[in-house]
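# Close look at the chain arrangement
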Amino acid sequence: TRLAMIIFIGIFQGLRIGEIINLKWEHIDLTNGELLILDAKNTKRFKSGYGKDRIVPINEMFIPVWKAWKSMVNDEYVIPDKKKRERSMKTLRKLFQSQLWRALEKVNLLIVNYDLDNGHPRYKYHMHTLRHVCGTNLRRAGMKIEDIRDFLGHEDVESSMIYAELTKDDL
């Protein structure tokens, strides 16, 4: 169920896996439909004094999903860790990535895109793909590139232009 919620958040909220893992219930306003993402690109703000924050709206139709998940989770984090955060962020990211690949393998979607220099496969679908699905769907729904930039928390509009390119095929 944790993986299912990670996939849901990635596809419909466009969060990075690190943002999903760090998301706490205290930063979610289900009344107003907002997620507060703290330190999106820098989780060590306390050392550097810099971190990017943003507010991500929750579509009204997804509020019941968030509420149902909250009623099932007894933890300060949206995605609880069975080892109570004794593991590093890197370890948690790898754990959930492996779970995604196992799920993709079960449905014959674990596709090798190419081999890396170290001989390991680079799969076509990975955690960040969920974020790309979100951006592409926002563009297909008619959202302006500047709004997609803000929704996904990109530094500049150039990072969001991939979604304009992807949707050219839709035309």
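Above this text is the structure in question.
None of the values given here were measured: they were computed from a predicted structure. (Residues numbered from 1 in each chain as written. Predicted model: local features only at pLDDT ≥ 70, side-chain atom pairs only at ≥ 80, totals over all residues. Heavy atoms only, no water.)

Right, let's get into the pairing of strand S2 (residues 34–37). Alternating positions in S2 separate cleanly, Leu35 and Ile37 being buried on one face and Glu34 and Leu36 remaining unburied on the opposite face. Of the pairings in the sheet, the one linking strand S1 (residues 28–29) to S2 comprises 2 bridges and is antiparallel in character. Counted as the bridge partner of Ile28 is Leu35 from S2. Counting the residues between successive antiparallel strands, the hairpin from S1 to S2 contains 4 residues, one of them, Gly33, with a positive phi of roughly 70°. By the bridge criterion, 4 bridges tie S2 to strand S3 (residues 54–57) in an arrangement that is antiparallel. Along S3, the bridge assignment pairs Leu35 with Val56. (Buried < 20%, exposed > 50% of the residue type's maximum accessible area, 1.4 Å probe, protein only. Helix = DSSP H or I, 4+ residues; strand = E, 2+ residues; numbered from the N terminus. Pairing = 2+ DSSP bridges.)

The next point concerns the nonpolar core. Within the largest apolar cluster, 38 residues are counted, with the highest numbers of intra-cluster contacts made by Ile9, Ile28, Leu35, Trp66, Val78 and Ile79. When contributions to this core are tallied by element, the ones reaching two or more residues are helix H1 (2–13), helix H2 (17–22), S2, helix H4 (63–72), helix H5 (89–106), helix H6 (127–140), helix H7 (145–152) and helix H8 (157–168). Counting residues per element, this core draws most heavily on H1, which supplies 5 residues. (Core = buried A, V, L, I, M, F, W, Y, C linked by side-chain atoms within 4.5 Å.)

When we look at burial in H7, the residues that qualify are Ile145, Ile148, Phe151 and Leu152. Taken around the axis of H7, the buried residues stretch over an arc of 115°, which confines them to a single face. One or two steps after H7, the chain reaches Gly153, where phi turns positive at roughly 75°. (Arc of directions from axis to C-beta.)

With that settled, the discussion passes to unusual backbone geometry. We note that Asn108 has phi near 60°; this positive angle belongs to a residue other than glycine. Relative accessible area serves as the criterion here: at 68%, Asn108 is assigned to the exposed category.

Bringing a nonpolar patch on the surface into the picture now. On the surface, a cluster of nonpolar side chains totalling about 230 Å² of accessible area is made up of Leu36, Leu38 and Ile55. Take Ile55: it is sitting in strand S3. The partly exposed category is assigned to Ile55, whose relative accessible area is 49%. (Patch = residues over 30% accessible without salt bridge, like charges linked within 9 Å, V, L, I, M, F, W, Y side chains within 5 Å. Areas by Shrake-Rupley, 256 points an atom, 1.4 Å probe, with all protein chains shown as cover. Salt bridge = Lys/Arg side-chain N within 4 Å of Asp/Glu carboxyl O.)

A few words on the pattern of salt bridges. Scanning the entire structure with this criterion turns up 5 salt bridges. Taking the shortest distance from any N to any O, the salt bridge between Glu19 and Arg16 comes out at 2.5 Å. One exposure class covers both Glu19 and Arg16, and it is buried. Where Arg87 meets Asp81, a salt bridge forms, and the shortest distance between an N and an O atom there is 2.4 Å. The network of salt bridges with common partners includes Arg16, Glu19 and Arg54.

Turning our attention to the pairing of strand S4 (residues 112–115). Examined bridge by bridge, S4 and strand S5 (residues 121–123) share 3 bridges and lie antiparallel to one another. Directly across from Val112, in S5, lies its bridge partner Tyr123. If you look at the hairpin formed by S4 and S5, you'll find 5 residues sitting between the two strands, and Gly119 has a positive phi there, around 90°.

Below, the discussion takes up the packing of H1 against H5. Between H1 and H5, whose axes approach to 10 Å, the crossing angle comes to 95°. Judged by the angle between their axes, H1 and H5 are roughly perpendicular. Of H5, the residues touching H1 (which contributes Arg2, Leu3, Ile6 and Ile7) are Leu95, Phe96, Gln99, Leu100 and Ala103. Broken down by class, the residue content of the contact of H1 with H5 amounts to 7 nonpolar, 1 polar and 1 charged. (Axes fitted to C-alpha atoms, helices over the stretch in contact; angles between N-to-C directions. Parallel < 35°, antiparallel > 145°, perpendicular 65-115°, else oblique. Contact = heavy atoms within 4.5 Å. Nonpolar A, V, L, I, M, F, W, Y, C, P; charged D, E, K, R; others polar.)

Strand pairing in a sheet relies on backbone hydrogen bonds, with the paired strands running either antiparallel or parallel. Pairing within the open sheet is antiparallel, and its 3 strands lie in the order S1-S2-S3. The open sheet has two edge strands with one neighbour each: S1 and S3.

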